[in-house]
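Structural features, examined
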Amino acid sequence: MGLLILLATFAGGVVIGAPVAFAMGMAAAAAFWYEGFPMLITFQRATAGVTTFSLLAIPFFVFAGEVMLHGGIARRLVRLASALVGHLRGGLAMVNIFSSMLFGGISGSAVADISALGSLLVPVMKERGYKPDFAVNVTVTSSIAGIVIPPSHNMIIFAVAAGGGLSVSKLFLAGVVPGVLMCVCLAIAAYVISVRSNYPSEPFPGWGAVGRSAADALPGFFTAVIIVGGTLSGVFTVTESGAFGAIYALLLTAFYYRSLSWRSLVLSLTGAVRTTAMVMILIAFASSFAYLLALYQVPASLSDLLLTISENPLVILLMINIILLVLGMIMDMAALILICTPIFLPIATGLGMDPVQFGIMMLINLGLGLCTPPVGTCLFVGCAVGQIKLEDAMRTIWPFYLAIFGALMLVTYVPAVSLWLPSVLE
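Below is a summary of the structure that appears in this document.

Rules and cut-offs
Residues numbered from 1 in each chain as written. Predicted model: local features only at pLDDT ≥ 70, side-chain atom pairs only at ≥ 80, totals over all residues. Heavy atoms only, no water. Helix = DSSP H or I, 4+ residues; strand = E, 2+ residues; numbered from the N terminus. Rg over C-alpha atoms; globule rule 2.2 N^0.38 Å. Buried < 20%, exposed > 50% of the residue type's maximum accessible area, 1.4 Å probe, protein only. Areas by Shrake-Rupley, 256 points an atom, 1.4 Å probe, with all protein chains shown as cover. Lys, Arg positive; Asp, Glu negative; His and termini not counted. Charge placed at Lys NZ, Arg CZ, Asp CG, Glu CD. Salt bridge = Lys/Arg side-chain N within 4 Å of Asp/Glu carboxyl O. Expected span 1.5 Å × (residues − 1). Bend = angle between axes of the 7 residues up to and from the residue. Axes fitted to C-alpha atoms, helices over the stretch in contact; angles between N-to-C directions. Left-handed = near helix turned anticlockwise from the far one by under 90°. Contact = heavy atoms within 4.5 Å. Phe/Tyr/Trp six-rings, centres within 6.5 Å; stacked < 30°, edge-to-face > 60°. Lys NZ or Arg CZ within 6 Å of the ring centre and 35° of its normal. Patch = residues over 30% accessible without salt bridge, like charges linked within 9 Å, V, L, I, M, F, W, Y side chains within 5 Å.

This part covers the overall build of the protein. The secondary structure content of the protein amounts to 22 helices and zero strands. Computed over the C-alpha atoms, the radius of gyration of the protein is 21 Å, within 12% of the 22 Å expected from 2.2 N^0.38 for a compact globule of 426 residues. Per-residue burial over the protein gives 55% buried out of 426 residues. Accessible surface for the protein amounts to roughly 17,300 Å². Of this, 70% is attributable to carbon and sulfur atoms. If the 16 positive side-chain charges of the protein are averaged to one point and the 15 negative ones to another, these points end up 14 Å apart.

Summed over the entire model, instances satisfying the criterion amount to four salt bridges. Its salt-bridge partner being D216, residue R76 comes within 3.4 Å of it at the nearest N-O pair. Here the residue R76 occupies a position in helix α5 (residues 73–85), and D216 occupies one in helix α12 (residues 207–233), the gap between them amounting to 140 residues. R76 gets classed as buried once you look at its relative accessible area, which sits at 13%. Here R79 ties to D216 by a salt bridge, and the two come within 3.0 Å at their closest N and O atoms.

This brings us to α12. For α12, which comprises 27 residues, the first-to-last C-alpha distance of 33 Å sits more than 12% below the rise-based estimate of 39 Å (1.5 Å per residue). The largest bend along α12 reaches roughly 40 degrees and is located at L218, with the proline P219 sitting one to four residues downstream. Backbone geometry just downstream of α12 places G234 in the positive-phi region, at approximately 85 degrees.

A few words on the packing of helix α7 (residues 110–127) against helix α19 (residues 377–386). Angle between the axes and distance between the axes: these two values describe a pair of packed helices. α19 packs onto α7 with a crossing angle of 35 degrees between their chain directions and a minimal axis gap of 9 Å. Between α7 and α19 the crossing geometry is right-handed. Residue-level inspection shows A110, V111, I114, S115, G118, S119, V122 and K126 of α7 in contact with α19, the latter providing T377, C378, V381, G382, V385 and G386.

One pass over the structure, following the stated rule, counts 13 aromatic pairs. Their ring planes at 35 degrees and their centres at 5.0 Å tell us that F134 and Y199 sit as a pair that is tilted. Of the two residues, F134 sits in helix α8 (residues 132–142) while Y199 sits in the loop between α11 (168–197) and α12, which places them 65 residues apart along the sequence. Neither F134 nor Y199 differs from the other in exposure class; each is buried. In this structure an aromatic cluster arises from ring pairing among Y130, F134, Y199 and F400. The ring of Y257 carries the charged tip of R76 above its face, separated from the ring centre by 3.8 Å.

A cluster of nonpolar side chains, contributed by L314, L318, I322, V326, L410, Y413 and V414, occupies part of the molecular surface with about 550 Å² of accessible area. Looking at the nonpolar patch, the elements with two or more residues in it are α16 (313–328) and α21 (398–413). Counting residues per element, the nonpolar patch draws most heavily on α16, at four residues. For V414, the location among the structural elements is in the loop between α21 and α22 (416–425). Overall, V414 belongs to the partly exposed group, its relative accessible area being 34%.

Next up on the list: unusual backbone geometry. A positive phi angle, close to 55 degrees, is found at R258, a residue other than glycine. Position of R258 among the secondary structure elements: in the loop between α13 (238–256) and α14 (262–295). Look at Q387: it is not a glycine, yet its phi comes out positive at around 55 degrees. Mapping Q387 onto the fold places it in the loop between α19 and α20 (390–396). Given a relative accessible area of 69%, Q387 falls into the exposed group.

Below, the discussion takes up the environment of V78. As for its placement among the helices and strands, V78 is situated in helix α5. Considered as a pair, V78 and P313 are 235 residues apart in the sequence and their alpha carbons are 42 Å apart.

It is worth spelling out the environment of M278 at this point. Note that M278 resides in helix α14. Classification of M278 by relative accessible area gives exposed; the value is 55%. Note: C-alpha distance between M278 and A21 (257 residues apart in sequence) is 8.2 Å.

As structure tokens, this is what we get:
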């Protein structure tokens, strides 16, 4: 009955339109009340959820990404990507995907990727004869690179949800190859569509232009080098790396590029505060919610249920992926990481899957959920940027879904895709 009250209250809160964080908080309070626990426990568990030191890195990561978004870094990355891959068939689509891979490694945010690159590239693609839905679909699906390629604050959330014992630096390394692989799969899909639709290619500007574009964009890459390199080398903790990365991004855009205005700085600060507040409130109430799920032995019960359907590890992992895909269509990514990690991680590790591999699988899976209705944040932002209807995008987005799903299956069933680089460099 307690579990029923927990889930029913949570579902009711979501249905009536309450924010997911507050729906989890109300559900946890109702369940604690039913069990006769002091209501103070709800808030004690919530407070305990946000007292992890590594969570302090999240505001720094978010602020660095906001500064890069508003400080003109995206334009320089687009010029570099255009010089490198613009001459291929469907060149601007390749530029879009490659730019997302580069910008994602700096901002760590899918929505920031769409906002920055979509506003630059989608109008240009439409002017060059690309269909609006194709331009939006490329922008939306490639933005997931910001979630998988480090640095990513979602990796920190996963590490916390997994119990705090995972190395964030190992998660950073594990995301590199899958992120690049996913972008390659998207590029193949975009190339095939471009050939069939006879989309144009851009003239190659010459290696001199490539060199100049690379030199102009290189200082921006050092933001990711400071954050990821500082963590991997052991010189900084994750939090300290995030702080130094944010300071570097601020100094770079304000004094070197001279592209960060006072208004842009205010937008960066308010955006970082808003995002950080949302994430922290979500983590706090999710901690109480996850505590109750463990109390009611939901992970063990679900594991037994899956084993009654099949004892084949390949089938069970496929079922976990399908469940996460469905949940990703109706709930926010950060909330699902916090709720589903304590449930599915023990099942996956019981089947012999490395926790780091599971984390990358979950990030790609839930990233795909950001591109699917009815709660696909990236899809809605992309349609708004491209000024097209949601149904127009949905009619032609399926090849890109298949490309991401193919990368997801490789990460799920081929451990080396995510674990090879950490094994070599750590």
